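# Residue-level structure breakdown
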Amino acid sequence: MSVQGETSEKIRIDIREPKHYQVIMHNDDFTSMEFVVEILIDIFRKDQIEAERLMIMVHESGKAAVGSYPYDIAVTKVQAATARAKEKGFPFRLTVEEA
């Protein structure tokens, strides 16, 4: 029921999903396969089988996308993995690319 003289406004709210970014893991000749699997399980929350599959992909292809996240989460995961690699003396490299 509308009262005379009353105006009705329609407000449009545009909710968008945040852009996602892929975390790309790069192969090197020094970082151990066990360490890569550990990072994939601990930081990227992969199960053992998926972690081993991704590690082999990185090893054979030179790089592989290991997850897609909003930017802040992607960067945080890369920083955590890189810091752990540095502690262990590995030159482990990850990059973030827009998905």
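Structural data are supplied above this passage.
Report follows, based on the coordinates. Everything quoted here is computed from the prediction, not taken from an experiment.

### Some points on the pattern of salt bridges
Overall, the coordinates contain four salt bridges when judged by the stated rule. When the shortest N-O distance is used, the salt bridge between E98 and K19 registers 3.6 Å. Taken together, the residues span a long stretch of sequence, with E98 in strand β3 (residues 93–98) and K19 in the segment before β1 (20–26) at a distance of 79 residues. Put simply, D42 and R84 hold a salt bridge, and the shortest N to O gap is 2.9 Å. Linking D42 in helix α1 (residues 33–42) with R84 in helix α3 (residues 71–88), this pair joins segments that are 42 residues apart in sequence. Residue R84 is classed as partly exposed on the basis of its relative accessible area of 23%.

### So, unusual backbone geometry
One non-glycine residue, R45, adopts positive backbone phi at about 55°. Along the polypeptide, R45 turns up in the loop between α1 and α2 (48–61). Owing to a relative accessible area of 67%, R45 belongs among the exposed residues under this scheme.

### Let's talk about a nonpolar patch on the surface
Together, I11, I13 and I15 make up an exposed nonpolar region whose accessible area comes to about 420 Å². Within the secondary structure, I15 sits in the segment before β1.

### Looking at the packing of α1 against α3
Relative orientation of the contacting elements α1 and α3 amounts to 150°, with a least axis distance of 11 Å. In this structure, the crossing between α1 and α3 has a hand that is right-handed. Each of F35, E38, I39 and D42 in α1 lies in contact with α3, whose residues at this interface are A81, R84, A85 and K88. Partitioning the contact of α1 with α3 into residue classes produces four nonpolar, no polar and four charged.

### A word on the side chain of K77
Relative to the elements of secondary structure, K77 occurs in helix α3. An unpaired buried charge is present at K77: no salt bridge exists, and D42, the closest side chain of opposite charge, is 11 Å distant. Once residues within four sequence positions are removed from consideration, K77 is found in contact with I43, F44 and Y69.

### Topic: the environment of Y21
Looking at the secondary structure, you find Y21 in strand β1. With a relative accessible area of 18%, Y21 lands in the buried category. Between the C-alpha atoms of Y21 and V58, which are 37 residues apart in sequence, the distance is 18 Å. Those residues in contact with Y21 that lie beyond four places of it in its chain are G67, S68, Y69, P70, Y71, A74, V96, E97, E98 and A99.

About the cut-offs
Residues numbered from 1 in each chain as written. Predicted model: local features only at pLDDT ≥ 70, side-chain atom pairs only at ≥ 80, totals over all residues. Heavy atoms only, no water. Salt bridge = Lys/Arg side-chain N within 4 Å of Asp/Glu carboxyl O. Helix = DSSP H or I, 4+ residues; strand = E, 2+ residues; numbered from the N terminus. Buried < 20%, exposed > 50% of the residue type's maximum accessible area, 1.4 Å probe, protein only. Patch = residues over 30% accessible without salt bridge, like charges linked within 9 Å, V, L, I, M, F, W, Y side chains within 5 Å. Areas by Shrake-Rupley, 256 points an atom, 1.4 Å probe, with all protein chains shown as cover. Axes fitted to C-alpha atoms, helices over the stretch in contact; angles between N-to-C directions. Left-handed = near helix turned anticlockwise from the far one by under 90°. Contact = heavy atoms within 4.5 Å. Nonpolar A, V, L, I, M, F, W, Y, C, P; charged D, E, K, R; others polar. Lys, Arg positive; Asp, Glu negative; His and termini not counted.

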